[in-house]
Amino acid sequence: MVTTRSRSKNNRAADKDRSKERYAYRPRSTFEESDALVGFKTIDHYLQYDCLLTREELHRLDEHVYSAVDTSWLDELCMKKFWEAVVLYYPLWVAPNLLTLIGLIVNLTTVLVLSFYCPTATETAPAWAYFLAAFGLFVYQTLDATDGKQARRIGASSPLGELFDHGCDSASQVFVTLNVCYALQLGSVRCGVFIACLISVSLFYTAHWSTYCTGQLRFARFDVTEAQWSIISMLLCTSLFGPKLWSVGIFGYALKHLLLACVGLGTIYQALGYLSVIFTDGVGKNGSTVAGTSVLFPACPLLAVIVPYCMIYSKSASGVYDDLIVIFVLQFGAVAAKATNRLIVAHMSRSELSLWDWIYMGPIALMINQYYDIKINEPTLLKYTTVYVYASLLVYCLFITRQICDHMGIYCFKVTAPRAGSSK
Amino acid sequence: MTCRISAKACGIGQKYIEADCLLSDQELKRLKEHKYSAVDNSWLDELCMKRWWEFVITLCPMWIAPNLITWIGLVINLITVLVLSSFSYSATESAPSWAYLQAALGLFFYQTLDAIDGKQARRTGSSSPLGELFDHGCDSMTQVFVTLNICYAMSLGTVPYGVLIVSVISVVMFYCAHWSTYCTGQLRFSKFDVTEAQMSVISVLLFTAIFGNGVWETPIAFGYTLKYFVVGSSFLVSLYQIHGYVHVIFSGGVGKNGSTIAGTSVLFPLFPLLMVVIPFIMIYNKTESTVFDDHITLFSLCFGAVGAKATNRLVIAHMSKSELRLWDWIYVGPLALMLNQYYDFVFDEYVLLWIATIYCYTSLFIYCTVVCRQFCDFLNIYIFVLGPRKSKSN
């Protein structure tokens with residue numbers, strides 16, 4: 001997260017010339033040989049369609065330059081100084097992507113601990129579990145913020161780093177949201193956990209959707225850092241006073257309902273801001289995206305993620321999805337993470353989005369099971385499809401990362417000289 | 001306020017057309033460079049039909065555009081099917097003899113006009129990729145009409161799933177033929193192919209006209225009637241044909257590493273086909289009432305429209321050497337029917353079937369209109385009139 005420095009006039013003129021070329025429509029081109037393929041024809045076709053970039057997309061990814069505007073209040077106030085202090089303690093041999101991955105794992109671990117005690121988001125966990133989750137989120141935030149600084153410090157900045165960073169962010173969205181649900185015991189609110197995850201995922205996707213349109217990542221005064229600190233505070237309060245704190249009545253409403261209402265209003269305000277940017281600030285031809293495609297189309301993958309899960313949840317006649325709400329929202333989070341990852345890759349490689357993704361077979365299987373009146377046991381099918389969607393997400397991340405590393409002649413988790421024998 | 005809403009609606013319509021119908025400039029260029037390529041071993045064609053068609057072509061005036069001939073054939077076929085369907089709406093009733101006779105004649109006219117449009121184009125020097133595109137487009141729409149003729153003649157509505165199975169096989173056969181063309185770049189006709197199939201259908205219709213459609217209930221052997229014998233034979237021939245197509249698809253790819261002429265996977269065209277077939281089978285299978293049996297004609301027409309659009313996309317992908325897309329907005333029709341069933345029949349199924357069918361045909365019509373218009377603009381020609389446009393220049 002850096003503030004963009006103002007450009008000189010000379011560069012500005014050159015930028016304008018490049019702008020016209022940059023934002024022309026670029027349809028997907030055909031694939032060429034890649035050593036990322038495994039050799040079996042059917043598997044190769046799946047990987048080509050679902051996981052790999054074309055040669056032109058890789059070249060455009062090469063040219064990508066990180067661009068962000070950060071007016072975050074807490075960042076300006078104290079966090080930047082803290083992060084700049086922390087980064088000095090990192091050894092120079094630690095790869096930035098390794099920091100990002102460690103942060104994700106820490107976050108995942110602390111959420112799993114809480115999940116163990118609160119499987120339906122209605123139970124009470126020990127105080128130390130909430131504290132652990134707060135600490136884990138803080139560590140994640142710090143590592144997430146310092147990986148970019150470490151990259152610049154050792155001269156290892158690359159588009160892969162940004163991609164990896166955003167990828168881990170998308171995977172951790174559902175973890176952070178689950179933390180909130182456990183603290184507030186939202187499982188006792190009808191649809192509470194699912195709606196919270198829905199809002200979280202939509203907001204994250206919309207932020208990157210606006211980036212796909214403008215080519216620039218924008219942070220408002222109250223944004224990611226402030227949201228994360230709010231959650232950390234919430235977890236600490238829960239740790240000190242217990243989750244019953246959120247059931248205290250004020251003006252006839254429980255504190256948790258008031259909190260949810262405030263979050264809802266804040267979310268709507270933020271979303272309207274993003275939508276305004278999306279509709280008016282497209283940098284491509286005729287106000288289109290960085291790839292020259294329609295600014296509206298990214299709504300379709302988002303709906304393709306959200307609508308099936310809303311239907312599955314509302315259609316269910318038994319309480320199976322309330323009893324297994326954690327697995328359900330984890331599955332939802334994985335599908336949304338892949339859709340968001342595709343959007344991020346499309347932005348960085350300036351290419352068009354495709355509507356279909358094979359990860360949708362997970363929710364579709366659940367829907368077909370309901371369509372035919374529950375022929376397969378729902379909890380069993382939910383678990384199988386969750387395994388499937390996480391496998392799909394993992395395969396996608398592994399292959400695309402490997403392809404980009406091969407293309408750029410670098411390693412993902414090592415700081416070394418460029419790979420021997422590779423060429424761009 | 002009204003103006004703003006109208007402008008918004010126009011904007012949405014424009015975006016829909018851009019997403020669903022338009023070709024890119026590169027695709028248009030490749031489409032322009034396309035050359036027709038076919039291998040015709042058809043038995044009846046060699047035997048007598050070519051002589052008949054060459055005779056008929058001499059009767060055509062030189063001022064008639066080839067696409068107009070194709071279009072007239074389609075309209076004739078459509079009218080004769082509608083007449084027959086008015087008597088035999090659920091494919092279980094008998095129709096008067098003259099209805100079957102006029103359907104047979106209509107199909108014969110359609111076949112003749114479909115065959116001579118290419119000859120007329122060469123005769124008038126107006127051959128173009130648009131002609132081939134238009135021809136295949138009309139063919140894809142008539143698939144369901146020809147199939148319905150068979151179902152009416154044999155009263156297949158009395159057989160469970162009879163009409164649906166015949167429709168599915170018909171669409172799959174036609175799609176696979178063009179799928180193999182997408183892989184090899186060459187349209188192939190075997191000894192028993194379109195012409196023979198059409199003459200078989202005409203024979204069935206004439207037979208029904210002469211003897212009445214009760215003749216198909218004649219017991220043959222093992223408790224099966226003549227109807228089952230004929231349908232079973234057709235099924236076996238279809239399987240043989242599909243096996244041939246699949247073999248060509250897997251081994252005849254002319255692109256890199258055996259891929260298609262667009263350089264894409266030879267397997268991907270399978271998925272649009274499944275997207276057409278599977279929803280309709282699920283819808284038919286799931287329903288708890290007899291609405292789709294009572295209105296099998298409407299259901300088949302809806303299925304035919306979706307199948308036609310998928311096939312049209314495949315034809316265009318072949319001719320413009322571009323990749324296929326999985327999603328098409330016409331799928332909203334069958335998806336709406338599935339959604340209604342998913343939520344336990346919130347809407348009346350019959351009404352929703354009408355709405356879905358109208359939507360699907362509207363989508364198909366818009367697609368065909370926009371593609372043809374775009375391509376005519378690009379080639380600087382008209383669809384139904386001979387000669388280049390006067391005001392424009394290339």
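Residues numbered from 1 in each chain as written. Chains lettered and ligands numbered in written order. Predicted model: local features only at pLDDT ≥ 70, side-chain atom pairs only at ≥ 80, totals over all residues. Heavy atoms only, no water.

Observations concerning the overall build of chain A
Inference 1: For chain A, the count of helices and strands is 15 helices and four strands.
Inference 2: Out of the 424 residues in chain A, the part that is buried amounts to 52%.
Inference 3: The contacts in chain A between residues at least 6 apart in sequence include a share of 80% that link residues at least 24 apart.
Inference 4: Summing over all exposed atoms, chain A offers an accessible surface of approximately 19600 Å²; the carbon and sulfur share of this is 67%. (Helix = DSSP H or I, 4+ residues; strand = E, 2+ residues; numbered from the N terminus. Buried < 20%, exposed > 50% of the residue type's maximum accessible area, 1.4 Å probe, protein only. Contact = heavy atoms within 4.5 Å. Areas by Shrake-Rupley, 256 points an atom, 1.4 Å probe, with all protein chains shown as cover.)

A look at the packing of helix α6 (residues 127–153) of chain A against helix α9 (residues 224–241) of chain A
Residues and elements named next belong to chain A.
Inference 1: Orientation of α6 relative to α9, taken along the N-to-C sense of each, is 160 degrees, at an axis distance of 8 Å. Considering their axes alone, α6 and α9 lie roughly antiparallel with respect to each other. In the crossing of α6 with α9, the sense of the turn from one axis to the other is left-handed. Two secondary-structure elements touch here, α6 through Ala127, Tyr130, Phe131, Ala133, Ala134, Leu137, Phe138, Tyr140 and Gln141 and α9 through Thr225, Gln228, Trp229, Ile231, Ile232, Leu235, Leu236, Thr238 and Ser239.
Inference 2: Residue classes in the contact of α6 with α9 are distributed as 13 nonpolar, five polar and no charged. (Axes fitted to C-alpha atoms, helices over the stretch in contact; angles between N-to-C directions. Parallel < 35°, antiparallel > 145°, perpendicular 65-115°, else oblique. Left-handed = near helix turned anticlockwise from the far one by under 90°. Nonpolar A, V, L, I, M, F, W, Y, C, P; charged D, E, K, R; others polar.)

A few points about the UniProt feature "transmembrane region" (unreviewed entry) in chain B
Residues and elements named next belong to chain B.
Inference 1: With numbering aligned to this structure, UniProt lists the feature "transmembrane region" (unreviewed entry) at residues 68–91, 97–116, 161–185, 197–216, 228–250, 262–284, 296–314 and 351–372.
Inference 2: Helix and strand shares over residues 161–185 are 92% and 0% respectively, and the end C-alpha atoms of the span are 35 Å apart.
Inference 3: Span residues 296–314 is 100% helix and 0% strand, its end C-alpha atoms 27 Å apart. (UniProt positions renumbered as here; feature names shortened; annotations may be inferred.)

Let's talk about helix α9 (residues 226–251) of chain B
Inference 1: For α9 of chain B, built from 26 residues, the straight-helix expectation of 38 Å at 1.5 Å per residue is met to within 8% by its first-to-last C-alpha distance of 38 Å.
Inference 2: Taken together, the buried positions of α9 of chain B are Leu226, Lys227, Ser238, Gln241, Ile242, Tyr245, Val248 and Ile249 of chain B. (Expected span 1.5 Å × (residues − 1).)

Points about the pattern of salt bridges
Any two side chains of opposite charge can pair, so long as their charged atoms come close to each other.
Inference 1: Here the structure, examined in full by the defined rule, presents four salt bridges over all chains.
Inference 2: Of the charged contacts, one joins Asp357 of chain A and Lys338 of chain A as a salt bridge, the two residues approaching to 3.1 Å between their closest N and O atoms. One end of the pair, Asp357 of chain A, is in the loop between α13 (325–348) and α14 (361–371); the other, Lys338 of chain A, is in helix α13, with 19 residues separating them in the sequence. By the burial criterion, Asp357 of chain A is buried, and Lys338 of chain A matches it.
Inference 3: As a salt-bridge pair, Arg313 of chain B and Asp328 of chain B come within 2.4 Å of each other at their nearest N and O atoms. (Salt bridge = Lys/Arg side-chain N within 4 Å of Asp/Glu carboxyl O.)

Thoughts on the confidence of the model for chain B
Inference 1: Residue-level pLDDT values for chain B average 79, and 89% of them are 70 or greater.
Inference 2: The spread of mean pLDDT over the elements of chain B runs between helix α1 (residues 2–20) of chain B, the lowest at 67, and helix α12 (residues 296–319) of chain B, the highest at 87. (pLDDT = per-residue confidence, 0-100.)

Here's the deal with empty space enclosed by the protein
Residues and elements named next belong to chain B.
Inference 1: Within this structure, the stated rule accounts for ten cavities of 30 Å³ or more.
Inference 2: The space that makes up the second largest cavity amounts to roughly 50 Å³.
Inference 3: Ranked by the residues each element gives to the lining of the second largest cavity, the list is headed by helix α7 (residues 162–184), at three residues. (1 Å grid on protein atoms, 1.4 Å probe; cavity = no way out; pocket = protein on both sides within 12 Å on 5 of 7 lines; lining within 4 Å. Points joined across faces, edges and corners; volume = space filled by probe spheres on them.)

Here's the deal with helix α7 (residues 159–184) of chain A
All names here are of chain A.
Inference 1: Its 26 residues place the ends of α7 38 Å apart at the C-alpha level, agreeing with the 38 Å of an ideal helix rising 1.5 Å per residue.
Inference 2: Residue Ser172 marks the point of greatest curvature in α7, where the axis turns by about 35 degrees.
Inference 3: Buried residues dominate α7, accounting for 24 of its 26 residues.
Inference 4: Directly beyond the C-terminal end of α7, a positive phi value near 55 degrees is found at Gln185. (Bend = angle between axes of the 7 residues up to and from the residue.)

Observations regarding the interface of chain A and chain B
Inference 1: The partner chain B presents 21 residues to the 22 residues of chain A that form the contact.
Inference 2: The largest per-residue losses of area from chain A upon contact with chain B belong to Lys315, Tyr371 and Tyr372 of chain A, which jointly make up 31% of the total buried on that side.
Inference 3: Taken together, the links from chain A to chain B amount to zero salt bridges.
Inference 4: For the side of chain A that touches chain B, the secondary structure elements donating two or more residues are α2 (41–50), α11 (299–315) and α14 of chain A.
Inference 5: The element that contributes the greatest number of residues to the side of chain A that touches chain B is α11 of chain A, accounting for five residues.
Inference 6: Of the residues belonging to the side of chain A that touches chain B, the class tally is twelve nonpolar, five polar and five charged. (Buried area = accessible area lost by both parts, 1.4 Å probe.)

Topic: the environment of Ala65 of chain B
All names here are of chain B.
Inference 1: Locating Ala65 in the fold gives a position in the loop between α3 (43–57) and α4 (66–87).
Inference 2: With relative accessibility at 2%, the residue Ala65 sits in the buried group.
Inference 3: Along the chain, Ala65 and Thr124 lie 59 residues apart, while their C-alpha atoms are 8.4 Å from each other.

Quick look at the side chain of Ser180 of chain B
Inference 1: Within the fold, Ser180 of chain B resides in helix α7.
Inference 2: Beyond its immediate stretch of four places on either side in the chain, Ser180 of chain B contacts Gly185, Tyr245, Val248 and Ile249 of chain B.

A word on the UniProt feature "transmembrane region" (unreviewed entry) in chain A
All names here are of chain A.
Inference 1: If you check UniProt for "transmembrane region" (unreviewed entry), the listed places come out as residues 87–115, 127–143, 189–207, 227–246, 258–279, 291–312, 324–341 and 384–401 in our numbering.
Inference 2: Secondary structure content for residues 87–115 is 72% helix and 0% strand, while the C-alpha to C-alpha distance between its ends is 31 Å.
Inference 3: Overall, residues 324–341 shows 94% helix and 0% strand. The separation of its end C-alpha atoms is 26 Å.

A short note on the packing of aromatic side chains
The geometry of an aromatic ring pair is captured by the separation of the ring centres together with the interplanar angle, meaning the angle of the planes.
Inference 1: As enumerated under the stated definition, the model contains 20 aromatic pairs over all chains in all.
Inference 2: Ring centres of Phe292 of chain B and Phe299 of chain B lie 4.9 Å apart, and the angle between their planes is 45 degrees; on these two criteria the pair is classed as tilted. The residues Phe292 of chain B and Phe299 of chain B share a single accessibility class, namely buried.
Inference 3: Aromatic rings pair up to connect Phe194, Tyr309, Tyr313, Tyr321, Phe328 and Phe332 of chain A into one cluster. (Phe/Tyr/Trp six-rings, centres within 6.5 Å; stacked < 30°, edge-to-face > 60°.)

Looking at the environment of Thr311 of chain B
Residues and elements named next belong to chain B.
Inference 1: Within the element layout of this structure, Thr311 appears in helix α12.
Inference 2: Once the C-alpha coordinates of Thr311 and Val172 are considered, the two residues, 139 residues apart in sequence, prove to be 9.6 Å apart.
Inference 3: Among residues more than four places away in sequence, those in contact with Thr311 are Ser140, Phe174, Tyr175 and His178.
Inference 4: Side-chain polar atoms of Thr311 contact the backbone oxygen of Gly307, separated by 2.8 Å. (Polar contact = N/O pair within 3.5 Å; in protein donor to acceptor, adjacent residues only side chain to side chain.)

Notes on the packing of helix α6 (residues 129–154) of chain B against helix α8 (residues 194–211) of chain B
Residue and element names in this part refer to chain B.
Inference 1: Contact geometry of α6 with α8 gives a least axis separation of 10 Å together with a crossing angle of 30 degrees. In this view, α6 runs roughly parallel relative to α8, as classed from their interaxial angle. The element α6 and its partner α8 pack so that their crossing is left-handed. Taking contact as the criterion, the partners of Val146, Asn149, Ile150, Ala153 and Met154 in α6 are, on α8, Val201, Val204, Leu205 and Thr208.
Inference 2: The class makeup of the residues in the contact of α6 with α8 is seven nonpolar, two polar and no charged.

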